[in-house]
Amino acid sequence: MKTRSKNIKRLVALLLVLALAVWVSTRWHVWFGNPEELAVEPLTAPGHVLLTFGDENELSRNVSWQCDTVVKPSWLELACDSDTIHIEAQGEVFESRKGKAAYYVARLRQLKPGTHYRYRAVVGSHLGVAEKSSPWYNFRTYAPNRDKFSFLFIGDVQDTIGGIANRLLMEAWARHPEVEFLVCGGDLTERPANQYWAETFNDLDSIGQSMPILNVTGNHDYFKGVIQRLERRFPLIFSYFLDSKVDDNMVYTLNYGNTQLFVLDSNREFFYLWTQRQWLEDQLQQSKAKWKILVLHHPLYSIKGSNNNMTQRWMFDDLVRQYGVDLVLQGHEHAYDRMIGSTYKNGAPAVPVYTVSHCSPKNYRILFDERFDKFGISSRYYQTVSVSGDTLTMACYDANTHALYDSLMIHVSPVKAHLVIDLGKDIPENLEYTPDPSNKKDLKFAERIQEYVNRHPERMQTKN
């Protein structure tokens, strides 16, 4: 009898081990699989030019570019009216899995407000004679200490090779020409490989040279592994991180008019997140901004499961609430959602407002948690955030049709309370979804959508 019992236990243990092995094999690529990197010919002239912010001052700018495989004397020619100055660039060679490239950064710290500038990147010889230069580009600075401006926000892009993100972003910019910069919620690049970086620069073509780009790190920017790893290439391109990072944490803050943006790297391990928490609390304590906006990749409140991203929520959400952060911009989960996070004692909606957005060809199956006020699936989205005096307005648009999909206002009352006015409840939700009849998960998701629609028919109707 004992022998039989032992044999049964051994059989059960063996079956469990086999089941675990099968499960691990199905998840192995998800956890550890990095795509092959393709070799790319070095740029023979300055290219992949990108305009970003510099230090935390709204009048600072950095310009980064690439050229050749060795560092040469390089500079930025900056023209204003009839004057042209040369700003020396710092160069560094980065070696990826499939080749080398020389990266350059020029830091612009003496810009004038409300001024139009022209610039080009130049790589010179040892004699100081220009060898190669980029085309001329243009940007404009705006008067400081303003209480009126707006910017664009997009979540994950992760565009496929030959994708359409550039067209969508150019159309968004054309429809909202007043925006002054672009904020990206991470995963702007599909994976850290030459071919995907080239696609990212295609996505930002004509945009990233004319308006500053502010991008946070996403999980797709890291190499997969037991310990995730971020390439040096990332801060060489988004060069504000070269000066702002804290203990290898890609954090950054920007003071822009009466608003302060705080950037976190939510992909890191616990120890690094703890360092970021301390940095964020210090920044929030010191902030004198009327409007506070936090940007990170992983949503503090997930639409895929209530237990997702618990570490990030535990680390940062109490600071968001304690120090009166108005808006939390997030990516990672490929759908749209928005949640008003608090109420005053009289029941009036209050900050913080949390929103998740994406502009990717991939869409996720989500849960329809009752905490959220608005959902969007099966499309791409972008948002405008506009500040005007005592009012901040966030508007979400369908990136394919450019129709308004959601909107809200945050208003500072005479007693300094930040009240939220939900304008999106009058805009119907679009939850069209065609499941693959052979895919059980698709069919289950379609059932979940229908259950949600049955619970909230009022959200599907246009209000008069």
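Residues numbered from 1 in each chain as written. Predicted model: local features only at pLDDT ≥ 70, side-chain atom pairs only at ≥ 80, totals over all residues. Heavy atoms only, no water.

Thoughts on the packing of aromatic side chains
Under the definition given, this model contains 31 aromatic pairs. Ring geometry for Trp 197 versus Phe 238: centroids 6.2 Å apart, planes at 40°, classification tilted. Taken together, the residues Trp 197 in helix α3 (residues 194-203) and Phe 238 in the loop between α4 (233-237) and α5 (240-244) connect sequence positions 41 residues apart. Given the relative accessible area of 5%, Trp 197 is considered buried. Phe 238 sits in the buried class, given a relative accessible area of 1%. By way of ring pairs, the aromatic residues Trp 197, Phe 201, Phe 234, Phe 238, Tyr 240, Phe 241 and Tyr 252 are connected into one cluster. Seen from the ring of Tyr 364, Lys 304 lies directly overhead, with NZ or CZ sitting 4.7 Å from the centre. (Phe/Tyr/Trp six-rings, centres within 6.5 Å; stacked < 30°, edge-to-face > 60°. Helix = DSSP H or I, 4+ residues; strand = E, 2+ residues; numbered from the N terminus. Buried < 20%, exposed > 50% of the residue type's maximum accessible area, 1.4 Å probe, protein only. Lys NZ or Arg CZ within 6 Å of the ring centre and 35° of its normal.)

Quick word on the nonpolar core
Soluble, globular proteins show a tendency: their nonpolar side chains are buried together. Counting 68 residues, the largest nonpolar core has Phe 151, Ile 154, Leu 182, Phe 238, Leu 261, Ile 293 and Val 295 as its most contacted members. The residues contacting Phe 238, other than those within four sequence positions of it, are Leu 50, Leu 188, Trp 197, Ile 213 and Asn 215. (Core = buried A, V, L, I, M, F, W, Y, C linked by side-chain atoms within 4.5 Å. Contact = heavy atoms within 4.5 Å.)

Considerations on a nonpolar patch on the surface
On the surface, a nonpolar cluster with roughly 370 Å² of combined accessible area is contributed by Phe 270, Trp 274 and Trp 314. Mapped onto the elements of the fold, Phe 270 is located in helix α6 (residues 270-286). (Patch = residues over 30% accessible without salt bridge, like charges linked within 9 Å, V, L, I, M, F, W, Y side chains within 5 Å. Areas by Shrake-Rupley, 256 points an atom, 1.4 Å probe, with all protein chains shown as cover. Salt bridge = Lys/Arg side-chain N within 4 Å of Asp/Glu carboxyl O.)

As for the pairing of strand β4 (residues 83-96)
Summarising the sheet, strand β3 (residues 74-80) and β4 pair through 6 bridges and their orientation is antiparallel. The residue of β4 that forms the bridge with Leu 76 is Ile 87. Between β3 and β4, which pair antiparallel in sequence order, lie 2 residues; one of them, Asp 81, sits at a positive phi of approximately 55°. As paired elements, β4 and strand β5 (residues 99-108) share 8 bridges and run antiparallel to each other. (Pairing = 2+ DSSP bridges.)

Looking at unusual backbone geometry
Geometrically, the link from Val 351 to Pro 352 is a cis peptide bond, its omega value of 10° lying close to zero. Topologically, Pro 352 is positioned in strand β19 (residues 349-356). One non-glycine residue with positive phi stands out, namely Asn 309, at about 55°. Its place among the elements puts Asn 309 in the loop between β16 (291-295) and α7 (310-322). On the basis of relative accessibility, which here comes to 14%, the residue Asn 309 falls in the buried class. In this structure, His 332 takes a positive phi of about 75° despite not being glycine. Mapped onto the elements of the fold, His 332 is located in the loop between β17 (327-330) and β18 (336-343). Owing to a relative accessible area of 18%, His 332 belongs among the buried residues under this scheme.

A word on the side chain of Glu 190
Residue position: Glu 190 is located in the loop between β10 (182-184) and α3. For Glu 190, a relative accessible area of 16% corresponds to the buried category. A polar contact of 3.4 Å, which involves the side chain of Glu 190, links it to the side chain of Lys 362. Filtering out sequence-adjacent residues up to four positions away, Glu 190 remains in contact with Gln 158, Asp 159, Tyr 196, His 220 and Lys 362. (Polar contact = N/O pair within 3.5 Å; in protein donor to acceptor, adjacent residues only side chain to side chain.)

Here we look at helix α8 (residues 440-455)
The end-to-end C-alpha distance of α8, which contains 16 residues, comes to 23 Å, matching closely the 22 Å that a straight helix rising 1.5 Å per residue would cover. Taken together, the buried positions of α8 are Asp 442, Phe 445, Ile 449 and Tyr 452. Considered in projection along α8, the buried side chains sweep an arc of 80° and stay on one side of the axis. In α8, those exposed residues whose orientation departs by more than 90 degrees from the buried face are Lys 440, Lys 444 and Asn 454. For α8, the secondary structure elements touched by its buried residues are β20 (374-376). (Expected span 1.5 Å × (residues − 1). Arc of directions from axis to C-beta.)

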